[in-house]
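Now for the letters of each chain:
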Amino acid sequence: MSRIVSAFFWLSSLLPMWLHYLVSDVVLYPIIYYVVGYRKRVVRTNLEKSFPEKDVRERRKIERGFYHHFCDYIVENCKLYTISEASIKKRFIIEGVEELEKELDAHGLVFLYLGHYANWEYLCSLQLWLQPQYGSANIYRPLSNKAFDKLFLYLRSRFGADCIAKKETLRHILKLKDEGRKTVVGFVSDQSPRLTSTHLWVNFLNQETAVFTGTERIAKKVDAAVFFVDITKKKRGHYLCQLRPLTSDARSYPDYQLTEVYMQELEKMIRRNPSIWLWSHRRWKHKRPVPEQ
């Protein structure tokens, strides 16, 4: 199965980009949005609660924009299988690398806060922008489907990035620290944590939201500098990624304040162009437990 999946994606990725977008518009969008209605109820509920100030017409426009972008995300990552280094650097321009490398020299480790926004998978090309003495890695959650797990591991590592399984995060990062390997580590931190491991609730998009705090806690433990990944979609298939420093001294922040800053930055980015965030995720499935009387 793994070979079949890989062969399909390899053959599909050889198609020109304009044909990928034609498939997105003519095949994927009508099927996913109109025929299957993939998680449409989840998307509508999330948008209604996040933007109560908008009327139905405005929310439907964001909804359709989300599904169009989601279909583009699928074909763009199919193309990622064989896209050249020159092409990915043209499509995903990264700014702020020089300042990031200064922090690598000073701290050894830099953490990137990012969300499921625009085409977050393209950040796997960060290694192409770094000088050879620096490394890059991303935290990932292994997929239950082994064939697709193997495929995404290949896509995320083909430009030189290391992939760290979520359960191995702390151990792997401590090893990087001990070995003195100057590395940038990306954390996608906008999904819903397990209720039993939730340490913080914040107001995010008009809703009380459980958030991950592991990025902040590990940053303090290893004295990592922290940046926010701010992505702008310039046009179809072209993105500007700005690496903006949040702090070079995570330990100076009171507990969880840095996580709150990240969530505030994430919300500002989403509100700038809400159609390109992953609205199909059941982000608010947990409610804060009511304290026992």
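The coordinates are above.
What counts, and where the lines are drawn
- Numbering of residues starts from 1 in each chain and follows the order in which that chain's sequence is written.
- Only residues with pLDDT of at least 70 are given local features in this predicted model, and only at 80 or more are side-chain atom pairs given and counted; all residues enter the totals for whole chains, interfaces and linings.
- As a convention, hydrogens and water are excluded, and side-chain values are obtained from all of the structure's heavy atoms.
- Paired strands, as defined in this entry, are two strands with at least two bridges between them according to DSSP.
- Runs of H or I in DSSP of at least four residues are treated as helices and runs of E of at least two as strands, each being numbered from the N terminus.
- The angle between two axes is taken between their N-to-C directions and runs from 0 to 180 degrees, where each axis is a line fitted to C-alpha atoms and a helix contributes only its stretch in contact.
- Contacts were defined at the residue level, with two residues in contact if any of their heavy atoms lie within 4.5 Å.
- Roughly parallel covers angles under 35 degrees, roughly antiparallel covers those over 145, roughly perpendicular covers 65 to 115, and oblique covers all other angles.
- If you view the pair so one helix is near and one far, a crossing is left-handed when the near helix is turned anticlockwise from the far one by less than a right angle, and right-handed when it is turned clockwise.
- All amino acids are sorted into three groups, where Ala, Val, Leu, Ile, Met, Phe, Trp, Tyr, Cys and Pro are nonpolar, Asp, Glu, Lys and Arg are charged, and the leftover types, Gly among them, are polar.
- Only protein chains enter the accessibility calculation, which uses a 1.4 Å probe. A residue is then buried if its area is under 20% of the maximum for its type, exposed if over 50%, and partly exposed in between.
- Nonpolar cores are built from buried Ala, Val, Leu, Ile, Met, Phe, Trp, Tyr and Cys residues. Side-chain atoms within 4.5 Å join them into one set.
- Think of a salt bridge as a Lys or Arg side-chain nitrogen and an Asp or Glu carboxyl oxygen that are within 4 Å of each other.

> Quick question: what am I supposed to make of the sheet that holds strand 3 (residues 135–140) here?
Within a sheet, adjacent strands bond to each other through the backbone by hydrogen bonds, running parallel or antiparallel. Ordered by their spatial adjacency, seven strands build an open sheet running 1-9-8-2-5-3-4, and the pairing between neighbours is mixed. A single partner strand is all that each edge strand has here, and the edge strands are strand 1 (92–95) and strand 4 (162–165). Mean inter-strand twist for the sheet, computed between neighbouring axes without regard to direction, equals 30 degrees. As paired elements, strand 1 and strand 9 (residues 238–247) share four bridges and run parallel to each other. Within strand 9, the residue paired with Ile93 across the bridge is Leu240. Contacting strand 1, strand 2 (109–114), strand 5 (183–188), strand 8 (225–235) and strand 9, helix 6 (residues 97–107) crosses the sheet at an angle of about 135 degrees to strand 2.

> Before we go on, may I ask you to explain the packing of helix 3 (residues 40–50) against helix 4 (residues 56–79) in this structure?
Packed helix pairs are characterised by how far apart their axes lie and by the angle those axes make with each other. Running from N to C, helix 3 and helix 4 cross one another at 135 degrees; their axes reach a closest spacing of 10 Å. The angle between the axes of helix 3 and helix 4 places the two elements in the oblique class. Of the two elements, helix 3 crosses helix 4, and the hand of that crossing is right-handed. Residues Lys40, Val43, Arg44, Leu47 and Glu48 of helix 3 form the contact with helix 4, whose participating residues are Arg59, Arg60, Ile62, Glu63, Phe66 and Tyr67. Considered class by class, the residues forming the contact of helix 3 with helix 4 number five nonpolar, no polar and six charged.

> Would you mind going over unusual backbone geometry with me for this structure?
If a residue is not glycine, its phi is most likely negative; likewise, a peptide bond is most likely trans. Positive phi, close to 50 degrees, is recorded for Arg39, a residue that is not glycine. On the secondary structure map, Arg39 appears in the loop between helix 2 (17–36) and helix 3. A residue is classified by how much of its surface remains accessible, and Arg39, at 32% relative accessible area, is partly exposed. A positive phi is found at Asn206, a non-glycine position, where the angle reads about 70 degrees. Since its relative accessible area comes to 41%, Asn206 is described here as partly exposed.

> Would you mind showing me how to read the nonpolar core here?
One broad trend across soluble globular proteins is that nonpolar side chains are buried collectively. Within the largest apolar cluster, 88 residues are counted, with the highest numbers of intra-cluster contacts made by Leu100, Phe111, Leu112, Leu123, Phe204, Leu243 and Trp279. Looking at this core element by element, the count peaks at eight residues for helix 4. Non-local contacts of Leu112, meaning those with residues more than four positions away in its chain, are made with Leu100, Leu123, Leu126, Val184, Val185, Gly186, Phe187, Phe227, Val229 and Leu243.

> Would you mind going over the pattern of salt bridges with me for this structure?
Working definition: two side chains of opposite charge can pair if their charged atoms are close together. For the structure on display, the rule yields 17 salt bridges. Glu63 is the salt-bridge partner of Arg60, the closest N and O atoms lying 3.9 Å from each other. Here Arg60 pairs with Glu63, and both are found in helix 4, just three residues apart, close to one helical turn. One salt bridge in this structure joins Glu216 and Lys220, with 3.1 Å as the shortest N-O distance.

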